[in-house]
Amino acid sequence: MAEGKVLTGAGLRGQVAGKTALSTVGKSGAGLTYRGYDVQDLAENCQFEEVAYLIFFGELPTAEQLTAYKAKLKSLRQLPQALKEVLERIPADSHPMDVMRTGVSMLGNLETEKSFDEQQDVADRILATLPAIICYWYRFSHDGVRIEENTDDDSIGAQFLHLLRGEKPNELHEQVMNVSLILYAEHEFNASTFTARVCASTLSDMHSCITGAIGSLRGPLHGGANEAAMEMIENWTSPEEAEREMLGKLERKEKSWVLVMRFIKTMTLVMALSKFGLSV
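Here the structure is a predicted model, which is why all the values come from computation and not from measurement.

K.L.:
Just to check I follow, could you spell out unusual backbone geometry for this structure?
P.N.:
The general pattern is negative phi for most residues beyond glycine and trans for most peptide bonds. At Arg35, a residue that is not glycine, the phi angle is positive and equals roughly 50°. Within the secondary structure layout, Arg35 lies in the loop between β2 (32–34) and β3 (37–38). Exposure remark for Arg35: the relative accessible area of 27% places this residue in the partly exposed category. Phi angles above zero are rare outside glycine, and Leu203 is one such case at about 65°. Take Leu203: it is sitting in the loop between α9 (191–201) and α10 (206–217).

K.L.:
Any chance you could explain the confidence of the model for the protein chain here in plain terms?
P.N.:
As a note on interpretation, predicted positions should not be read in detail where pLDDT is low. Considering every residue of the protein chain, the mean pLDDT works out to 83; 79% of them sit at 70 or more. In the model of the protein chain, helix α13 (residues 257–274) stands out as the element of lowest mean pLDDT, 48, in contrast to helix α4 (residues 81–88), which has the highest, 98. Low confidence marks residues 266–280, where pLDDT is under 50. Its contacts with residues over four positions away, or in another chain, come to 26 contacts.

K.L.:
Just checking my understanding: could you explain the packing of α9 against α10 for this structure?
P.N.:
When two helices pack together, their arrangement is given by the angle between the helix axes and the distance between those axes. With their axes 8 Å apart at the nearest point, α9 and α10 run at an angle of 150° to one another. Comparing the axis directions of α9 and α10 gives the class roughly antiparallel. Here α9 runs over α10; the crossing is right-handed. For the pair α9 and α10, contact is made by Ala191, Ser192, Thr195, Ala196, Cys199 and Ala200 and by Ser208, Cys209, Gly212, Ala213, Ser216 and Leu217, respectively. For the contact of α9 with α10, the class distribution of residues is seven nonpolar, five polar and no charged.

K.L.:
How should I be thinking about the sheet that holds β2 in this particular structure?
P.N.:
Either a parallel or an antiparallel arrangement is found when strands of a sheet pair, and the pairing is made through backbone hydrogen bonds. An order of β1-β2-β3 is seen for the three strands of this open sheet, with the pairing classed as antiparallel. The open sheet has two edge strands with one neighbour each: β1 (23–25) and β3. Sheet analysis places β2 next to β3, joined by two bridges and oriented antiparallel. Within the sheet, the bridge partner assigned to Tyr34 lies in β3 and is Tyr37.

K.L.:
It is not clear to me how the packing of aromatic side chains should be interpreted in this structure. Could you clarify?
P.N.:
Aromatic ring pairs are defined here through the distance separating the ring centres and the angle between the ring planes. Under the counting rule described, the total for this entry stands at five aromatic pairs. Considering the side-chain rings of Tyr53 and Tyr69, the 5.7 Å spacing of their centres and the 75° angle between planes classify their relative orientation as edge-to-face. Linking Tyr53 in helix α2 (residues 48–57) with Tyr69 in helix α3 (residues 63–75), this pair joins segments that are 16 residues apart in sequence. Both residues of the pair, Tyr53 and Tyr69, count as buried. For the pair Trp137 and Tyr138, a centre-to-centre distance of 6.1 Å together with 70° between the ring planes defines the contact as edge-to-face. Ring-pair connections join several aromatic residues into one group, and the members of that group are Tyr53, Phe56, Phe57 and Tyr69.

K.L.:
Explain the packing of α2 against α3 here, please?
P.N.:
Remark: α2 packs on α3, axes separated minimally by 10 Å, with the N-to-C direction vectors making an angle of 100°. Judged on the interaxial angle alone, α3 and α2 are roughly perpendicular. Where α2 abuts α3, its residues Glu49, Glu50, Ala52, Tyr53 and Phe56 lie against Gln65, Leu66, Tyr69, Lys70 and Leu73. When the residues that make up the contact of α2 with α3 are grouped by side-chain class, the tally is six nonpolar, one polar and three charged.

The rules behind these values
- Residues numbered from 1 in each chain as written.
- Predicted model: local features only at pLDDT ≥ 70, side-chain atom pairs only at ≥ 80, totals over all residues.
- Heavy atoms only, no water.
- Helix = DSSP H or I, 4+ residues; strand = E, 2+ residues; numbered from the N terminus.
- Buried < 20%, exposed > 50% of the residue type's maximum accessible area, 1.4 Å probe, protein only.
- pLDDT = per-residue confidence, 0-100.
- Contact = heavy atoms within 4.5 Å.
- Axes fitted to C-alpha atoms, helices over the stretch in contact; angles between N-to-C directions.
- Parallel < 35°, antiparallel > 145°, perpendicular 65-115°, else oblique.
- Left-handed = near helix turned anticlockwise from the far one by under 90°.
- Nonpolar A, V, L, I, M, F, W, Y, C, P; charged D, E, K, R; others polar.
- Pairing = 2+ DSSP bridges.
- Phe/Tyr/Trp six-rings, centres within 6.5 Å; stacked < 30°, edge-to-face > 60°.

Written out as structure tokens, the structure reads:
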């Protein structure tokens with residue numbers, strides 16, 4: 001009788017699950033790069049659409065390429081009527097991540113990917129519709145308003161704020177949204193990325209991969225940690241208290257170390273905005 005394999009308890013430690021050229025966490029400087037560019041430099045000098053182009057195509061766009069790409073995204077904002085009807089049925093107390101997950105999945109039913117050659121167009125379509133998906137649900141479920149998603153706003157950040165608040169945002173708010181989107185655009189091999197890659201490895205479609213990724217991002221130890229981090233930050237009354245509490249959590253090796261990372265990310269956003277003379 002053959003001996004059974006001895007389990008070391010190390011799990012997947014030391015195993016390479018995949019490689020990416022898109023993003024690197026842990027580099028010098030801000031500690032995060034997209035395609036080799038420091039994220040702080042991108043946040044200070046780029047529009048979010050430039051960064052999206054960089055991630056998709058591997059290089060920053062020329063002025064002409066950026067104009068064309070932004071025009072393409074603007075042309076893809078309209079939601080199908082059937083998707084709007086689904087969004088109107090989602091309860092007002094639903095979590096926004098659940099709404100986006102449902103929205104992307106429904107879009108995949110209405111606009112099914114027929115070939116892998118369509119993946120860039122599908123990715124652009126999802127990117128262009130997500131602001132309208134979340135804002136259409138929110139405004140209908142909370143205010144009883146059916147919004148028109150085709151605004152004349154030039155950027156995704158401005159369009160999102162316009163749809164959410166019902167009025168064109170000022171320059172300050174648009175800049176804040178732009179910087180925030182850039183800082184959260186890509187973070188190497190996190191849980192949602194891993195989920196999407198596992199789904200893609202089965203040759204599934206783009207909508208399924210993104211739907212699965214949103215479901216993973218929804219968890220309290222991933223994207224959901226943002227909310228908990230903000231609650232934690234709001235309870236502190238001074239920088240000294242914040243530092244003391246953070247160091248204590250690290251020393252105790254609490255599971256809430258994830259909140260520490262979200263805290264650091266939030267502070268990175270604040271520092272980047274300060275370069276513009278802005279605050280949150």
